[in-house]
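The primary structure of each chain is shown beneath.
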Amino acid sequence: MTEQNLQAADAAERTVAWVDDLIDRFASLSETHGSDGVTRLGYTPLERRAHQVFATFMSDLGLSVHSDTAGNTIAELAGDGRCDGIGTGSHLDSVPHGGRFDGIVGVVAAMLCAQTLTSSGYQPRHPLRFVVFANEEGARFGQACNGSRLAAGTTDAEALGELRDRDGISVLEAMHSVGLDPERLNDARWRREDWDSFVEVHIEQGSVLADGADDIGIVDTISGSTRLRLTVHGVASHSGGTPMLARHDALVSASAIVLAANALARDPEHFGTRITIGRIVASPNSMTTIPGEVTLDVDIRDVDTDRQRQTALALIAKAKELALLHETSLDAHLIADTAPTLLSHRLVELASHETDRLGMVHRVLPSGASHDTQQISHVCETGMLFVPSRHGGVSHSPDEFSRTDDIARGVQVLTGLVKALDLTDRQPRS
Ligand SMILES: [Zn+2]
């Protein structure tokens, strides 16, 4: 082994030890522990403490660190005077009873990438920025990616004022309560001229990579999603007094719609479309009353914009037909609609080259889940690396698991990719 190889092996071993240590440190900052998983919701004191762990680690490495008005924390390693930075990072908030890896892996990868670069004395040309986005999970306020949306300018204070959590606290109030300054949210907006590119490392949250025995995934597309609220109107009435033939049962109608939605996504023309009805509210929800009204929240995801929207229209048409068949009526309301995002082809190529150079097996794949990178793609070229998820790819659950050596490989590819981006000059924008 040459001295260089020995040094590389030594650095890789240190990275593995740091991965475990940092994942444990973040997991301990939680309302829940052990088999109850990690609970660290967006814009809470626990999320801010996790950002502080990141900030302290990065300033100990000699980087300059600041937190913006949206609560995003950014550490910068200065370049040679250029202003267009290369960024990497993810989020540190979780869903209730979530896992130890979603978001965390991308932040840990950013921290260890910075550590590898500074310990080897790397002098970047571009400023390198390591970012933790605030409040990525939609779990608390219903809308995902608050911090990155504010950075990308895809939301503003007015829209955020309308989003409230279960206790009626608005996003702006929650930001205020953790010491942020929601009156100056525009200051958090990123300018295009300040950014060259951005890469996020994330766990796959699926089992494609583990099933294929791949070392790492390179994401080329992020699914879009169309979210609908379907409300079925029937007639609430006594469960004993109303004969079966005289009923207008909204839940019977809604059940037929759930099955039809499932069948629609499974037909051969919809390969790759995913439809989920994850929330049902039946009213009055009483054992002895025929359900008079049922709302169904529908999430339709696809990597094909046209198919995603046509599927939503087809589902609404089918739902109306089924509602009528069961002697009820239906209203459809669009909650949100986000188009799929194509990530940078150049970044996919550079990442593929990097994994080949490191002797790793990669797979190019789409992301079914949404991520901060989707927002940042409104600002600059973006890419994503997926670390394999184990335990069948389960995520948003205490069973979520990624192996340390897989995460360490993610750090290696990320570090190589950041260097490659730093050294390659982008084609000028036409
Ligand atoms: Zn995530």
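Residues numbered from 1 in each chain as written. Predicted model: local features only at pLDDT ≥ 70, side-chain atom pairs only at ≥ 80, totals over all residues. Heavy atoms only, no water.

Participant: Got a minute to help me understand the sheet that holds strand 9 (residues 274–283) in this structure?
Facilitator: Either a parallel or an antiparallel arrangement is found when strands of a sheet pair, and the pairing is made through backbone hydrogen bonds. Taken in spatial order, the 4 strands of this open sheet run 9-11-7-12, and their pairing is antiparallel. The open sheet has two edge strands with one neighbour each: strand 9 and strand 12 (329–338). On average, each strand axis in the sheet is inclined to that of its neighbour by 15°, with strand direction left out of account. Here 9 bridges tie strand 9 to strand 11 (residues 293–302), and the two strands are oriented antiparallel to one another. Of the residues in strand 11, the one forming a bridge with isoleucine 277 is valine 298. Of the strands in this sheet, strand 7 (224–233), strand 9, strand 11 and strand 12 are in contact with helix 8 (residues 250–266), which crosses strand 11 at around 10°. Across the sheet, helix 9 (residues 305–325) touches strand 7, strand 9, strand 11 and strand 12, and the angle it forms with strand 12 is around 165°. (Pairing = 2+ DSSP bridges. Helix = DSSP H or I, 4+ residues; strand = E, 2+ residues; numbered from the N terminus. Axes fitted to C-alpha atoms, helices over the stretch in contact; angles between N-to-C directions. Contact = heavy atoms within 4.5 Å.)

Participant: Can you walk me through the packing of aromatic side chains in this structure?
Facilitator: Aromatic ring pairs are reported here in terms of the distance separating the ring centres and the angle at which the planes meet. Across all of its chains, the model carries 7 aromatic pairs by this definition. A centroid spacing of 3.9 Å and a plane angle of 15° characterise the contact between tryptophan 190 and tryptophan 195, whose relative ring orientation is stacked. Both residues of the pair, tryptophan 190 and tryptophan 195, count as buried. In this structure an aromatic cluster arises from ring pairing among Phe133, Trp190, Trp195 and Phe198. (Phe/Tyr/Trp six-rings, centres within 6.5 Å; stacked < 30°, edge-to-face > 60°. Buried < 20%, exposed > 50% of the residue type's maximum accessible area, 1.4 Å probe, protein only.)

Participant: Please explain the pairing of strand 4 (residues 128–133) as it appears in this structure.
Facilitator: When a strand is regular, its side chains alternate between the sheet's two faces. Of all the 6 residues making up strand 4, 6 are buried; the element is thus mostly covered by neighbouring parts of the structure. The alternating pattern of strand 4 places Leu128, Phe130 and Val132 on one face and Arg129, Val131 and Phe133 on the opposite face, and all of these are buried. Where strand 2 (residues 73–77) lies against strand 4, 5 bridges are found, and the strand directions are antiparallel. Note that in strand 4 the partner of threonine 73 across the bridge is valine 132. Looking at chain direction, strand 3 (residues 85–91) and strand 4 are connected through 6 bridges and run parallel. Counted as the bridge partner of serine 90 is valine 132 from strand 4. This β-α-β element, strand 3 to helix 3 (residues 104–119) to strand 4, shows right-handed connectivity. (Right-handed = clockwise from strand over helix to strand, strands pointing away.)

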